[in-house]
Amino acid sequence: MWAPDIYEGSPTPVTAFLSIAPKISISANISRLSIYGSYGATLQQIFFFCSIASMILGALAAMAQTKVKRLLAHSSIGHVGYIRTGFSCGTIEGIQSLLIGIFIYASMTIDAFAIVSALRQSRVKYIADLGALAKTNPISAITFSITMFSYAGIPPLAGFCSKFYLFFAALGCGAYFLAPVGVVTSVIGRWAAGRLPRLTYAEFPTKYVWNAPKRIWTLRKQGTGDAYYCRMLLNSAKGCRTHAEIRKVNGVIYPTYKEACYAAGLLEDDKEYVESIKAAAHWAPADHLRELFVTLLDQKELTTPLTVWLATWHLLVEDVQYKRRQILQIPDLIRLYALLTTEQKGVYDTIVNSVYSGTGGIYFVYGYGGTGKTFLWKILAAGIRRKGDIVLNVASSGIASLLMSGGRTAHSRFHIPINVDETSTCSTSAQSDLGAMLKKNPFGNMTMVFGGDFRQVLFVIPKGSRKDIVGASMKQLYLWDYCKILKLTANMRLTVGSRPEDVSEIREFAEWILNVGDGKLGGPNEREVR
Ligand SMILES: Nc1ncnc2c1ncn2[C@@H]1O[C@H](COP(=O)(O)OP(=O)(O)OP(=O)(O)O)[C@@H](O)[C@H]1O
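Residues numbered from 1 in each chain as written. Predicted model: local features only at pLDDT ≥ 70, side-chain atom pairs only at ≥ 80, totals over all residues. Heavy atoms only, no water.

- Looking at an unreviewed UniProt entry, one finds the protein chain named ATP-dependent DNA helicase and attributed to Artemisia annua.
- You can read under Cofactor (unreviewed entry) in the UniProt record for the protein chain the words "Mg(2+)". (UniProt positions renumbered as here; feature names shortened; annotations may be inferred.)

Digging into unusual backbone geometry
Part 1 of the argument: Positive phi is not limited to glycine here, since asparagine 250 has a value of about 50°.
Part 2 of the argument: Here asparagine 250 shows up in the loop between β3 (248-249) and β4 (252-253). (Helix = DSSP H or I, 4+ residues; strand = E, 2+ residues; numbered from the N terminus.)

Structural notes on the site of the ligand
Part 1 of the argument: In the region of the ligand, 16 residues are neighbours, and Gln344, Gly370, Lys373, Thr374 and Phe375 sit closest.
Part 2 of the argument: For the ligand, a nitrogen atom lies 3.0 Å from a polar atom in the backbone of leucine 339.
Part 3 of the argument: Between an oxygen atom of the ligand and a main-chain N or O atom of phenylalanine 375, the distance comes to 2.9 Å.
Part 4 of the argument: Its free accessible area being 630 Å², the ligand has 77% of it covered by the protein chains.
Part 5 of the argument: When contributions to the shell around the ligand are tallied by element, the ones reaching two or more residues are α20 (373-385) and α26 (492-495).
Part 6 of the argument: Element by element, the count of residues in the shell around the ligand is highest for α20, at three residues.
Part 7 of the argument: Considering only residue class, the shell around the ligand consists of six nonpolar, eight polar and two charged. (Near = heavy atom within 4 Å. Polar contact = N/O pair within 3.5 Å; in protein donor to acceptor, adjacent residues only side chain to side chain. Areas by Shrake-Rupley, 256 points an atom, 1.4 Å probe, with all protein chains shown as cover. Nonpolar A, V, L, I, M, F, W, Y, C, P; charged D, E, K, R; others polar.)

Topic: helix α15 (residues 286-298)
Part 1 of the argument: The terminal C-alpha atoms of α15, which comprises 13 residues, lie 18 Å apart, in line with the 18 Å expected from a rise of 1.5 Å per residue.
Part 2 of the argument: Turning to α15, its buried residues are Ala286, Leu289, Phe293 and Leu296. Projection of α15 onto a plane perpendicular to its axis shows the buried side chains occupying an angular sector of 75°, all on one side. Among the exposed residues of α15, those oriented more than 90 degrees off its buried face are Glu291 and Asp298.
Part 3 of the argument: Positive backbone phi, at 55°, marks lysine 300, one or two positions downstream of α15. (Expected span 1.5 Å × (residues − 1). Buried < 20%, exposed > 50% of the residue type's maximum accessible area, 1.4 Å probe, protein only. Arc of directions from axis to C-beta.)

Quick notes on the packing of aromatic side chains
Part 1 of the argument: Inspection of every chain in the model, using the stated rule, returns seven aromatic pairs.
Part 2 of the argument: For the ring pair phenylalanine 364 and tryptophan 480, a centre distance of 5.4 Å and an interplane angle of 70° mean the geometry is edge-to-face. Separated by 116 residues along the polypeptide, phenylalanine 364 in strand β5 (residues 361-366) and tryptophan 480 in the loop between α25 (466-471) and β9 (483-487) bring together distant segments of the chain. Across the pair, tryptophan 480 and phenylalanine 364 agree in class, each one buried.
Part 3 of the argument: Their ring planes at 25° and their centres at 6.2 Å tell us that phenylalanine 509 and tryptophan 512 sit as a pair that is stacked. One end of the pair is phenylalanine 509 and the other is tryptophan 512, both in helix α27 (residues 500-517) and three residues apart, which spans about a single turn.
Part 4 of the argument: When its relative accessible area of 49% is taken as the criterion, tryptophan 512 is described as partly exposed.
Part 5 of the argument: A network of ring pairs unites the aromatic residues Phe160, Phe164, Tyr165 and Phe168 as a single cluster.
Part 6 of the argument: The ring of tyrosine 257 is capped by arginine 247, whose NZ or CZ atom sits 5.6 Å from the centre of that ring. (Phe/Tyr/Trp six-rings, centres within 6.5 Å; stacked < 30°, edge-to-face > 60°. Lys NZ or Arg CZ within 6 Å of the ring centre and 35° of its normal.)

This is how it looks when you write it as structure tokens:
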């Protein structure tokens, strides 16, 4: 990015920092290099050429500027050229003059930006706005003029001393061409600085109004009403006969005078700030962008803050959703819900309705491996937690509990003893959060969802018979009679995320597993697994 664009687009304190700090650090580094190293004639010629190029570019470009900050930006480019002269000499005098130059440059720049910052509080942005400053704010006008003349190198000001030392050092090392170029560019700079305080007689009332009771000129405030924008258009539109014709710009009739003013380029539309925020979004996180936006608001840089907000809000709030989800540990629910199949949606809706109708209930979601049970748990938990309600995800094993958001083993969550007998109780304290929750929501009002595949969740009973194993399963609980069974049948593992060439193999394996589970394969195993 071109430095003056950055200067223009950044808040004034940032611009001041950018115009001083890098130059000091670069000058300090190259001075050290110059002291400890040495370079030949070719390199010296290149440095001289760069100095001359910076001086000429800074001076010529400054002539064409209309905005105060851009003028300072180009002056700063010119100054880099002057300062580099000291380094290019390759002599101790050159380094001394460079240090003096950088000190004076930093002082002048701090002074200039302090004034610019103060002036921008009163919305002075353009060089033309400075025209009648002497009338309204003589102290600022005098200080700014002195600073700009010092920038231009007019004797006996500090800027002159710095340039004098630099050119003297250049002549001392035989760079006879560089000194006259520096003098000529300084004269051009003097012209650029000299045109600051001028406004024509006709232009003066466009920036200032005469305050008759106080007998002073005050800065013209920008109007906001329709009449103001209409008057603005009338100053440039020709031959209008109707209001619609006043609002017509380049063949388009705009609905409001203000929009027509923007289209005609009569109002600043803050495009530069919108572009700055968009450019910064490529490398800066959203909270930094928000800081930038707030600084722009604070510095009163924006003409139409709402327009800038509407054009950039999606970048400024990019992380908000993400952060919220992180805090609540909620995945992107809307996207996930859309992924659910019809039968998964049926199960989801039944369970969520039971939670929010207040009736509660016990459900068992039955589906063989790969039908999306774990997938459903995640979305159910997200959907209910999103509303601030509590979901306790538990599993019978530690590994299975890791698959669920905030999952724990049932034993850990409800303090269930490992070895259970008739006298066992859960050691949940009544004062704990869990105890308080259980007291507040008696089991009748709660929704409990069990899930699994009987092929996968049957208990291992050491040396137990088929009858013992079935007897230890959930089906034997008295609660089972109240359990509503919800079924998932489509094997999602086959259809989602698998490579097409693997699908038939996975399908074959899934069917084989099913058949083993259903007892359709194999014979009696003589109570031993081989
Ligand atoms: N609606 C869906 N959209 C996209 N992917 C899905 C969907 N449902 C399930 N899946 C994916 O299918 C695969 C199997 O799902 P999941 O692990 O939830 O099944 P499961 O029934 O819990 O299996 P198992 O009983 O073997 O643990 C996972 O990769 C999951 O992300």
